[in-house]
Structures are given as structure tokens and as C-alpha cells.
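Residue-level structural notes
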Amino acid sequence: MIELDRLDAAQIMTRNGWLARLPVEFQREVLARAILYRFSPRETIYRFGDPPGGIYGLVSGTVTVNTAPPTKAPRLVHLGVPGTWTGEGGFLTRQPRRIELCAATDALLLHVPLSVMDEMAAHDPEVVRYVSLILMMTVDVMIHVIHDLQIRDTTRRIAAVLARANWSGKGNVPLSQTELGLMANASRKQVNAALQYFSGAGWITNSYRAITVLDTDSLRDFSVDPDVS
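In this report, the structure presented in the accompanying data block is examined. (Residues numbered from 1 in each chain as written. Predicted model: local features only at pLDDT ≥ 70, side-chain atom pairs only at ≥ 80, totals over all residues. Heavy atoms only, no water.)

Here the focus is helix H2 (residues 24–33). Buried within H2 are the following residues: Phe26, Gln27, Val30 and Leu31. One side of H2 holds all its buried residues, which, seen down the axis, span an arc of 130°. Away from its buried face by more than 90 degrees, H2 exposes Glu25, Arg28 and Ala32. In this structure, the buried residues of H2 make contact with helix H1 (6–15), strand E6 (85–86), strand E8 (107–112), helix H4 (114–123) and helix H5 (126–149). (Buried < 20%, exposed > 50% of the residue type's maximum accessible area, 1.4 Å probe, protein only. Helix = DSSP H or I, 4+ residues; strand = E, 2+ residues; numbered from the N terminus. Arc of directions from axis to C-beta. Contact = heavy atoms within 4.5 Å.)

What follows is the structure in C-alpha cells.
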């Protein structure tokens, strides 16, 4: 069970990710007006197609990010790590949620409701620009996702996805082989063979529903496709 108070949460969120890039006064207002929520593993934070709402910032734990075109079922594409914020689309466009966010482990998240964000923006128009930075950081993540999926060699593609899933640097990646296969567009057999290879090289250890990354740099170096300049 995660045991953190609001002071701990504030320190984490101002050291990493979106808030760390913004003025101290704005950081303080966000943290003062945010609500701290606890989620259990597999609990849904919000669903694809839900009405527009406020933003969520991951304080501790891991969340899964699932999305798809409007007529398709959402699929796992990424893992969120502490410092990550999302949900900005509802504030910027007033359109339904475009992703589904679920807790992969016990997780603590800060939530700034849409009504609070509107109040903040009415007081300071710069808030819109600050929130738009979340959108651009999300675009950066999606660029990485697309780049990983364009790696032609399956084993190298799986290595790239594992390295990205360990962006927090803490090593534990709470994914089953099936989930890793979804993220890497690979079969369970291909994932199993790749994990055996990585384990033999000393880059990971593998157990049920969890992979521990020991050497992210080696995974990232291996993932580079030698046939692409």
C-alpha cells in the first residue's frame, strides 16, 4: 500500500514532468486545488468516450494508457510514470475522453477538476498555454510509440517498448507477456523468446505479470534497427 501525504506528492510532482517546467506560483495553485485520490490495481480512472473532465497527475505507482480510433476498442499503448499528467483534452476542446486510464498497480493521482481549471483560466489566460504543454508532451510520447512500432525486427521492437516502459528508471514493469505483446505488436511466442534472450544477456529478470529491467541502456541500444540509417 502506498503511504504518501500531500507534501510528499507536491515534492514528487514539482521535481518531475509537466509541473516542474512551470512557474512556482502556478505549481502552488495547482497543488493547493488538486484532490489526492488512491486507486487499486486494475481500477479505471476514466474511460474512452467519457464526458470531458479535468486533468490527472500520477504521483506514485503505474497507470496504463489505452486508446484507439473512435470505432475501435481501446488497446494498451503506453505506461504512465510518476510526474505524468493527462486529461488536458477535456479542458482544451470540451470533447469526450480520447484515452482510457487505468491503474496497473496501487496508484496515487492528483486530480484538478474541470471547473477548477476554468476558474484558474478565467483569472489568468496563461493557464491555457500551461495546460497546452501537457498536450505537446503527450505528442512527444506518441512519437516514441510510433517510432517503436516501426522497428521491423520483432525482438528489437520488444526491447524498445520495454525500455520505454521503464522511463521511470525504477526497473519494475508491471506487464504480462500478453500486455507487452499488445504494446509491441508481437505474439506471445515472440515475446517469450525475446524475454529469454534479454534475460540471458542480463538485461532483465522475468516473473509472473512483472518484468524487472536491469539494464535499460542495453535494451535501448539493442533496439536500434541496423538497417535504418
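From this point on, the discussion continues.
Right, let's get into the nonpolar core. Membership of the largest hydrophobic core comes to 28 residues, with the highest contact counts inside it found for Met13, Trp18, Leu19, Phe26, Trp85 and Val112. Broken down by secondary-structure element, the contributors of at least two residues to this core are H1, H2, strand E3 (55–60), E8, H4 and H5. Apart from residues no more than four positions distant in its own chain, Leu19 is found in contact with Met13, Phe26, Gln27, Val30, Leu31 and Trp85. Judged by nonpolar contacts, the second largest core, of 24 residues, contains Val161, Leu180, Ala186 and Ile211. (Core = buried A, V, L, I, M, F, W, Y, C linked by side-chain atoms within 4.5 Å.)

This part covers the layout of surface pockets. The computed volume of the largest pocket comes to approximately 920 Å³. Along the wall of the largest pocket there are 41 residues; nearest its centre are Trp85, Thr86, Ile134, Met137 and Thr138. Residue assignment for the lining of the largest pocket shows that the elements contributing at least two residues are E3, strand E4 (63–67), strand E5 (75–80), E6, helix H3 (88–93), strand E7 (99–103) and H5. With eight residues, the top contributor of residues to the lining of the largest pocket is H5. Broken down by class, the residue content of the lining of the largest pocket amounts to 21 nonpolar, 15 polar and five charged. Space inside the second largest pocket adds up to approximately 300 Å³. Along the wall of the second largest pocket there are 14 residues; nearest its centre are His147, Asp148, Ile151, Ala160 and Ser223. Elements supplying a minimum of two residues to the lining of the second largest pocket: H5, helix H6 (154–165) and helix H9 (216–223). (1 Å grid on protein atoms, 1.4 Å probe; cavity = no way out; pocket = protein on both sides within 12 Å on 5 of 7 lines; lining within 4 Å. Points joined across faces, edges and corners; volume = space filled by probe spheres on them. Nonpolar A, V, L, I, M, F, W, Y, C, P; charged D, E, K, R; others polar.)

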